[in-house]
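# Tertiary structure, described
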Amino acid sequence: MTSNRMKRKKKRRRKSLGDFIFMLIIYVFFKLLKLSSCGFQEPSNKRVKPVGKSNSLTGVLPQMKTPALKRLSQSISRSISFRTDARPLPPALPRSRQKPSSFPRRRNSQCWSDTVESHDLTAKEIKRQEVIYELTQGERQLIEDLSLVKKVYYDPMLKLDIMSESELGQIFGTLESLIPLHTDLLSRLERLRGSEKTVGEVGPTLLNWFPCLEAYVTYCCNQVGAKALLDQKKNEKRVEHFLRLCQESSFSRKLDLWNFLDLPRSRLVKYPLLLKEIQKCTPPEHPDEDYLPDALELIQNIVAEVNKKTGEAECQFYRRGLHYLEDSQRLPEIQQSRFIYCHGELKNNKGQRLHVFLFELALVLTKPGEEKDGGHVFNVYRQPLPNALINLEEIPDGEAAGGGTFRGAFTGGNDKVKNCFRVSSRGRSKFNPYILQANDSFCKQQWITCLRQAIVQSRDRTAQTSQSQLSLHPESGLYLIRTHTVDSFLAFFGRNTLNVKCKKKKKTLTDIFPISSQMHVYTLCKL
């Protein structure tokens, strides 16, 4: 017993020593970062607020510093002013210039007109040069941020063994490969600037470079899984502590890691906006008029393709996370869905919090859970609904909800409810409707809009599929064949309606084929 007790004590000591060494390494690392960013100085000519007279102090009172309101791109020296009641002290000697930090606290808000001394351009041309300059500066800032992410987040976490190389690869994806891509565009744009710091034609350069942005498909598709893994790793003490220290440091500008990882996507969707502004400020006779429309169409197509592929990746990710409690919940519409309209947290009529997914072809209610490895799983709650069979009913605020459980869960016993809507299924006599509540009116309106869009598009898709089927009757156009799964057939026609008309003779489902939820029912529809 004594030896086991001694072993446990030694084990606790080794663990405590390991935690201490880790914290010491983190402390030294951030001290070095702080030293590298100590070049932030305040201007010597800043206005100083005088210190009021004190009854208890008659000596010299040092002046308190106020934060700088504007940063300049060049390094600024600091001077400390002192003001006393008795007599002014001579100004302090200026300190020597220090190297500016590699990680500015605040972005430079300099405009193109600030970089030139004089010009004879029209107001429209000045606006054009400002937008092109904003495009150039945006590339420079993005390169700085991406380089910062690798230097401050990826490399230290790998060296300190805060995360494994595999986990970091999943979270950061192909981010490092985007740096040379944008460096190439920045060098091209800088070469376009003439002696007067103006840019003539920018259209051909953008038209030739935009195809490089197809690399964003891989990066953005990875972001869904990256965000989930990062949120999971934040629950670990070492990861949470490291990320918190980084966010509190000056180089992060109070942004967390995910804000930096999401910068490329934000930059991508900004290109069409900048190009439209350039096109708006370009005169009709300008040579760029032959290139800008093609460049705008190209970047819009690339953004649309990235959005499409990202939506498909998001749909696949959450589809893999669904845990079915019964085989009957595995609707083929879920597997056939290519994207998600929306998903988020809603409450049911029992006050339970549900995570609801509105897939392209099905509505799925789930209860979030956790796997053994800490990952998230979504347990399917009740029976999913095909979107084509959904009936949507908006419940006005203040209307009586019906059941006492609903009132007690949402309103504390009152008869009034807010931000609720009802979802039911067509043709299912024994199906209980879903009564769901959103967090606020805006969230409720978003859900209703997405549900209406999903219902209309699913029904249109069903109609188009029916029209494309071959006719069973020799005379084309008299009869159509319509395909249903058994579950959707029973939901559409009712579980008590089991007769199918086929060549003027009634047959039951069991006469046609053995009933299976995954098999298909063929019905004749008169045109």
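Criteria and thresholds
Residues numbered from 1 in each chain as written. Predicted model: local features only at pLDDT ≥ 70, side-chain atom pairs only at ≥ 80, totals over all residues. Heavy atoms only, no water. Helix = DSSP H or I, 4+ residues; strand = E, 2+ residues; numbered from the N terminus. Buried < 20%, exposed > 50% of the residue type's maximum accessible area, 1.4 Å probe, protein only. Areas by Shrake-Rupley, 256 points an atom, 1.4 Å probe, with all protein chains shown as cover. Arc of directions from axis to C-beta. Contact = heavy atoms within 4.5 Å. Axes fitted to C-alpha atoms, helices over the stretch in contact; angles between N-to-C directions. Parallel < 35°, antiparallel > 145°, perpendicular 65-115°, else oblique. Left-handed = near helix turned anticlockwise from the far one by under 90°. Nonpolar A, V, L, I, M, F, W, Y, C, P; charged D, E, K, R; others polar. Core = buried A, V, L, I, M, F, W, Y, C linked by side-chain atoms within 4.5 Å. Polar contact = N/O pair within 3.5 Å; in protein donor to acceptor, adjacent residues only side chain to side chain. Expected span 1.5 Å × (residues − 1). Pairing = 2+ DSSP bridges.

## Focus on the overall build of the protein
- Assigned secondary structure in the protein consists of 16 helices and 13 strands.
- Looking at the 527 residues of the protein, the share that counts as buried comes to 38%.
- Only carbon and sulfur atoms are counted for the fraction: they give 52% of the accessible area of the protein, which is about 31400 Å².

## Topic: helix 3 (residues 165-172)
- Within the span of helix 3, buried status applies to Leu168, Ile171 and Phe172. Looking down the long axis of helix 3, one finds its buried residues gathered within 85° of arc, a one-sided arrangement.
- Positive backbone phi, at 55°, marks Gly173, one or two positions downstream of helix 3.

## Here we look at the environment of Val116
- Considering the arrangement of structural elements, one finds Val116 in the loop between helix 1 (2-36) and helix 2 (123-159).
- The contacts of Val116, once residues within four sequence positions are left out, are Glu196 and Lys197.

## What about the packing of helix 2 against helix 4 (residues 175-192)?
- Contact geometry of helix 2 with helix 4 gives a least axis separation of 9 Å together with a crossing angle of 155°. Judged by the inter-axis angle, helix 2 sits roughly antiparallel to helix 4. Considering the relative orientation of helix 2 and helix 4, their crossing is left-handed. Residue-level inspection shows Leu135, Thr136, Glu139, Arg140, Leu142, Ile143, Leu146, Ser147, Val149 and Lys150 of helix 2 in contact with helix 4, the latter providing Leu175, Glu176, Leu178, Ile179, His182, Thr183, Leu185, Leu186, Leu189 and Glu190.
- Taken together, the residues of the contact of helix 2 with helix 4 sort by class into 11 nonpolar, 4 polar and 5 charged.

## Structural notes on the nonpolar core
- Judged by nonpolar contacts, the single largest core of 58 residues is most densely connected at Tyr153, Met157, Phe172, Phe210 and Leu213.
- Among the elements that make up this core, the one with the highest residue count is helix 2 (12 residues).
- Leave out the neighbours within four places in its chain, and Phe210 touches Tyr271, Leu275, Ala295, Leu298, Ile299 and Ile302.
- In this structure, Ile390, Phe421, Trp447 and Ala454 belong to the second largest nonpolar core, which totals 23 residues.

## Section: the side chain of Arg128
- Tracing the chain through its elements places Arg128 in helix 2.
- Given the relative accessible area of 0%, Arg128 is considered buried.
- For Arg128, the side chain forms a polar contact with the main-chain oxygen of Gly200, separated by 2.5 Å.
- With sequence-adjacent residues up to four places away left out, Arg128 is seen in contact with Val199, Gly200, Glu201, Val202, Ile278, Cys281, Thr282, His286 and Asp288.

## Observations regarding helix 7 (residues 237-248)
- Taking 1.5 Å per residue as the helical rise, helix 7 with its 12 residues ought to reach 16 Å, and the 16 Å between its terminal C-alpha atoms agrees with that figure.
- Within helix 7, burial applies to Val239, His241, Phe242, Leu243 and Cys246.

## Quick notes on the pairing of strand 8 (residues 420-425)
- Counting buried positions along strand 8 yields 5 of 6 residues, so the element is predominantly enclosed.
- Examined bridge by bridge, strand 7 (residues 390-395) and strand 8 share 6 bridges and lie antiparallel to one another. Of the residues in strand 8, the one forming a bridge with Ile390 is Ser425.

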